[in-house]
Amino acid sequence: MEQELISKKDLLELTGISYGQLYRWKRKNLIPEEWFIRKSTYTGQETFFPKEQILDRVEKIKNLKDDLSLDEIAGMFSTVPITTALERHELIERNIVSDIALKLYTQQFAEQQHFTFKEVLHIYILDKLLSKGDINLEEGKTLLQLLHDHFGKVEHAGGQLICIRKMGITSFILAQSGDIYFEEGVRVVFTMNLLTCIEECKLKWHGGESHG
């Protein structure tokens, strides 16, 4: 299905940002170059954006710019991985993940005191779904194994995590952008954008509050 677009004029009116702000954020890599889509219209060439993505991104920037520099915000939206690690107690004390999700992860793999960003991200995704009631603990183990084995293949390619159920059986799918079709009787429980999860987790990692 073709994504819905919004014109630059409508974007500026809807969000209240200026032309100058928009292009400054572009120069600072807060808004990806590929989101600026040039199309021919009856008035000439106009710039459009993927509507849902740009509105979400502008809202996040507006919420963060009073507390963080534009360079710091750009780092949160960047696909460049965080190379530092956090200790177990920091994850709990800073409310990055819950104790339940953390315990499930260490039971599944190994007891440890230091966690990389990638490991924290997997726990964060698990925690988010557990807290919403979308999955149970047993399903969480299956999810963690899938993320451990295959997350790196889709995380920066418009990847999605999809949960489906049929006749009480739950399955998880990691997919890249594109249409996905299921057999009759399959119920899609949720679809999760992985880049959004990375941004939310980076925000918590750096000490902010998620607006997602």
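Just above sits the structure.
The shown structure was predicted, so the numbers you read here are calculated from the model rather than taken from an experiment.

*Asks:* Looking at this structure, I do not really get the nonpolar core. What am I missing?
*Replies:* Side chains that are nonpolar tend, in soluble globular proteins, to be buried together. Within the largest apolar cluster, 37 residues are counted, with the highest numbers of intra-cluster contacts made by Ile125 and Leu161. Looking at this core, the elements with two or more residues in it are helix 6 (99-108), helix 7 (117-132), helix 8 (137-150), strand 6 (160-166), strand 7 (169-175), strand 8 (187-193) and helix 9 (194-205). Top contributing element to this core by residue count: helix 7, with nine residues. Among residues more than four places away in sequence, those in contact with Leu161 are Ile125, Leu129, Leu143, Leu146, Phe172, Ile173, Leu174, Phe190, Thr191, Met192 and Leu194.

*Asks:* Sorry, what's going on with the packing of helix 7 against helix 8 here?
*Replies:* The geometry of helix 7 relative to helix 8 is characterised by a closest axis approach of 10 Å and an angle of 150 degrees between their N-to-C directions. As far as their axial angle goes, helix 8 and helix 7 are roughly antiparallel. Like other packed secondary-structure pairs, helix 7 and helix 8 cross with a definite hand, here right-handed. Only Leu137, Gly140, Leu143, Leu144, Leu147 and His148 of helix 8 make contact with helix 7, whose side of the interface consists of His122, Ile125, Leu126, Leu129 and Leu130. For the contact of helix 7 with helix 8, the residue count by class is eight nonpolar, three polar and no charged.

*Asks:* I tried to follow helix 4 (residues 70-77) on my own but got confused; where do I start?
*Replies:* An α-helical segment advances 3.6 residues per turn. Residues three or four places apart therefore align on the same side. Along helix 4, the residues that are buried comprise Leu70, Ile73, Ala74, Met76 and Phe77. Down the axis of helix 4, the sector holding all buried residues measures 155 degrees, keeping them to one side. Residues of helix 4 that are buried sit in contact with helix 2 (19-27), helix 3 (51-64) and helix 9.

Rules used throughout
Residues numbered from 1 in each chain as written. Predicted model: local features only at pLDDT ≥ 70, side-chain atom pairs only at ≥ 80, totals over all residues. Heavy atoms only, no water. Core = buried A, V, L, I, M, F, W, Y, C linked by side-chain atoms within 4.5 Å. Buried < 20%, exposed > 50% of the residue type's maximum accessible area, 1.4 Å probe, protein only. Helix = DSSP H or I, 4+ residues; strand = E, 2+ residues; numbered from the N terminus. Contact = heavy atoms within 4.5 Å. Axes fitted to C-alpha atoms, helices over the stretch in contact; angles between N-to-C directions. Parallel < 35°, antiparallel > 145°, perpendicular 65-115°, else oblique. Left-handed = near helix turned anticlockwise from the far one by under 90°. Nonpolar A, V, L, I, M, F, W, Y, C, P; charged D, E, K, R; others polar. Arc of directions from axis to C-beta.

Everything listed here is a matter of geometry and, on its own, says nothing about what the molecule does.
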